[in-house]
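Fold and geometry: a report
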Amino acid sequence: MSSAPAPTLARRFWETIEPVHAVAYFAPEPIEAARALGLIGWWMGYFAGRLAPLGAVRAPEANALCFAFAPSRVARALPDAWAYSTPEKVLDTRLGAVESALTRTLPAVGERHLTRLADLLERAVEGCGYEGRALAAGWAGVPRPDGVVGRLWLASTVLREHRGDGHVIAVAHAGLTGLEAGLTHAATGNVPRELLQSTRGWTDAQWEQARRRLVARGLLDRDSRLTKSGGALRRDVEHATDRLAADPVTRLGEDGVEEAIRLAAPLSRHLVDSGLIPVPNPIGAPRP
């Protein structure tokens, strides 16, 4: 039986806007901007840039928010990043960098196309609730940029972090650690183990210990494949993630979401097809 979730409207919505947000991780402009601030290494720029709206976050809080990552990877970035720059400077620089990156990489669809999509995504953001969603709440508090490309990126970021925070809730409710969730994700075959393990910073020993726990729970077999119970649990987590991401969809309505998908799809497909956003990727986002 497949462990893949049904393509709900909430999931299709996320899949279509995720590449727009993900430019922050794959384009050179944010990397260069972080380096110009004095941040050391790609991961310091990643954690500082992603968590900047929350202030000078320390490693314990960052681990709670980003628990798919090994604590050692987080601790090498935070709080040291704040010795080189402030959250306010990091945030301002990141916004400018992703706007530059998107301006350079988006296809020429016209201002009207981008403005309508930004309007729809901002309306969807209005439907978000932030109970238990600290990261999404932080980004929701960032002032709206003046330019349409910046508006588009910020709205897509709030929506994806809202969904991501909901996914963390679903994973924790299922009794999985971030590492264990990563193993079940790799077991679906959608993302290679090597890609997940290397980007999240887990050692072979940590991965093996988690694998043994999941085998003991009957969620993985001895070949690291999902068992029937493991596949069911994985589907439950993804279905819960979709349910917890339903408020923005409800705010837009089915017609509004379908319009947003139609407008966003050519942008995101171009970002993938141009090679900027790789597929597969650690996020697990497919080509829309």
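Position labels on residues start from 1 in each chain and follow its written sequence. The predicted nature of this model means local features are confined to residues of pLDDT at least 70 and side-chain atom pairs, given and counted, to a pLDDT of 80 or more, with totals for whole chains, interfaces and linings taken over all residues. Excluded from the side-chain calculation are hydrogens and water; included are all heavy atoms of the structure.

The subject of this paragraph is the side chain of glutamine 197. Secondary structure follows DSSP: runs of H or I at least 4 residues long count as helices, runs of E at least 2 residues long count as strands, and numbering of each begins at the N terminus. Structurally, glutamine 197 can be placed in helix H11 (residues 193–200). We classify glutamine 197 as buried; its relative accessible area is 8%. Among the polar contacts listed, one links the side chain of glutamine 197 to the side chain of aspartate 204, at a separation of 2.8 Å. Categorising residues by exposure relies on relative accessible area from a 1.4 Å probe, with only protein chains included: less than 20% of the type maximum marks a residue as buried, more than 50% marks it as exposed, and the intermediate range marks it as partly exposed. Under the rule applied, a polar contact is a pair of N or O atoms within 3.5 Å (in protein, one hydrogen donor and one hydrogen acceptor; residues adjacent in sequence only if both atoms are side-chain atoms).

A few words on the environment of alanine 172. Topologically, alanine 172 is positioned in helix H9 (residues 148–173). On the accessibility criterion, alanine 172 (48% relative accessible area) is partly exposed. For alanine 172 and valine 237, which are 65 residues apart along the polypeptide, the C-alpha to C-alpha distance reads 9.3 Å.

Following the sequence through the fold, alanine 140 ends up in helix H8 (residues 134–140). Non-local contacts of alanine 140, meaning those with residues more than four positions away in its chain, are made with Tyr130 and Val158. Here, residues are in contact when the closest pair of their heavy atoms is within 4.5 Å.

Our focus in this paragraph is the side chain of aspartate 242. Examined against the element boundaries, aspartate 242 turns out to sit in helix H13 (residues 228–244). At 2.6 Å, the side chain of aspartate 242 and the side chain of arginine 163 are in polar contact.

Attention now moves to the nonpolar core. The biggest cluster of nonpolar side chains holds 68 residues, and the ones touching the most others in it are Phe13, Leu121 and Trp139. Ranked by residues supplied to this core, first place goes to helix H14 (residues 246–273) with 10 residues. Ala70, Leu176, Ala210 and Leu219 belong to the second largest nonpolar core, which has 22 residues in total. Among the buried residues, those of types Ala, Val, Leu, Ile, Met, Phe, Trp, Tyr and Cys that are joined through side-chain atoms within 4.5 Å form a nonpolar core.

With that settled, consider helix H7 (residues 111–126). Helix span is expected to be 1.5 Å times the residue number reduced by one. For H7, built from 16 residues, the straight-helix expectation of 22 Å at 1.5 Å per residue is met to within 8% by its first-to-last C-alpha distance of 23 Å. For H7, the set of buried residues is His113, Leu114, Leu117, Ala118, Leu120, Leu121, Glu122, Ala124 and Val125. Residues of H7 that are buried make contact with helix H1 (9–26), H9 and H14.

Below, the discussion takes up the packing of H7 against H14. Axis geometry follows a simple rule: fit a line to the C-alpha atoms, using only the stretch in contact for helices, then measure angles between N-to-C directions, giving values from 0 to 180 degrees. For the pair H7 and H14, the least separation of the axes is 9 Å and the interaxial angle reads 150 degrees. Read as a crossing pair, H7 and H14 show a hand that is left-handed. Mapping the contact onto sequence places His113, Leu114, Arg116, Leu117, Leu120, Leu121, Arg123, Ala124 and Glu126 in H7 and Pro248, Arg251, Leu252, Gly256, Glu259, Ala260, Leu263, Ala264, Pro266 and Leu267 in H14. Residues are grouped as follows: Ala, Val, Leu, Ile, Met, Phe, Trp, Tyr, Cys and Pro are nonpolar; Asp, Glu, Lys and Arg are charged; all remaining types, including Gly, are polar. Among the residues making up the contact of H7 with H14, the classes are represented as 12 nonpolar, 2 polar and 5 charged. Left-handed describes a crossing in which the near helix is turned anticlockwise from the far one by less than a right angle; the clockwise case is right-handed.

Turning our attention to the packing of aromatic side chains. Centres within 6.5 Å make a pair out of two Phe, Tyr or Trp rings, where for Trp the six-membered ring is used; the pair is then stacked when the planes are under 30 degrees apart, edge-to-face when over 60, and tilted otherwise. Summed over the entire model, instances satisfying the criterion amount to 10 aromatic pairs. Look at tryptophan 42 and tyrosine 46: their rings are 5.5 Å apart centre to centre, the planes differ by 20 degrees, and that puts the pair in the stacked class. Of the two residues, tryptophan 42 and tyrosine 46 both sit in helix H3 (residues 41–51), 4 residues apart, roughly one turn of that helix. The class for tryptophan 42 is partly exposed, based on a relative accessible area of 35%. Residue tyrosine 46 is classed as buried on the basis of its relative accessible area, which comes to 9%. Note on tyrosine 46 and phenylalanine 69: the rings are 5.5 Å apart at their centroids and 50 degrees apart in plane angle, and the pair reads as tilted. Note that tyrosine 46 is positioned in helix H3 and phenylalanine 69 in the loop between helix H4 (59–65) and helix H5 (71–75), a separation of 23 residues in sequence. The same class applies to tyrosine 46 as to phenylalanine 69, namely buried. In textbook terms, an aromatic cluster arises when at least three aromatic residues are bridged by ring pairs, as seen for Tyr25, Trp42, Trp43, Tyr46, Phe47 and Phe69.

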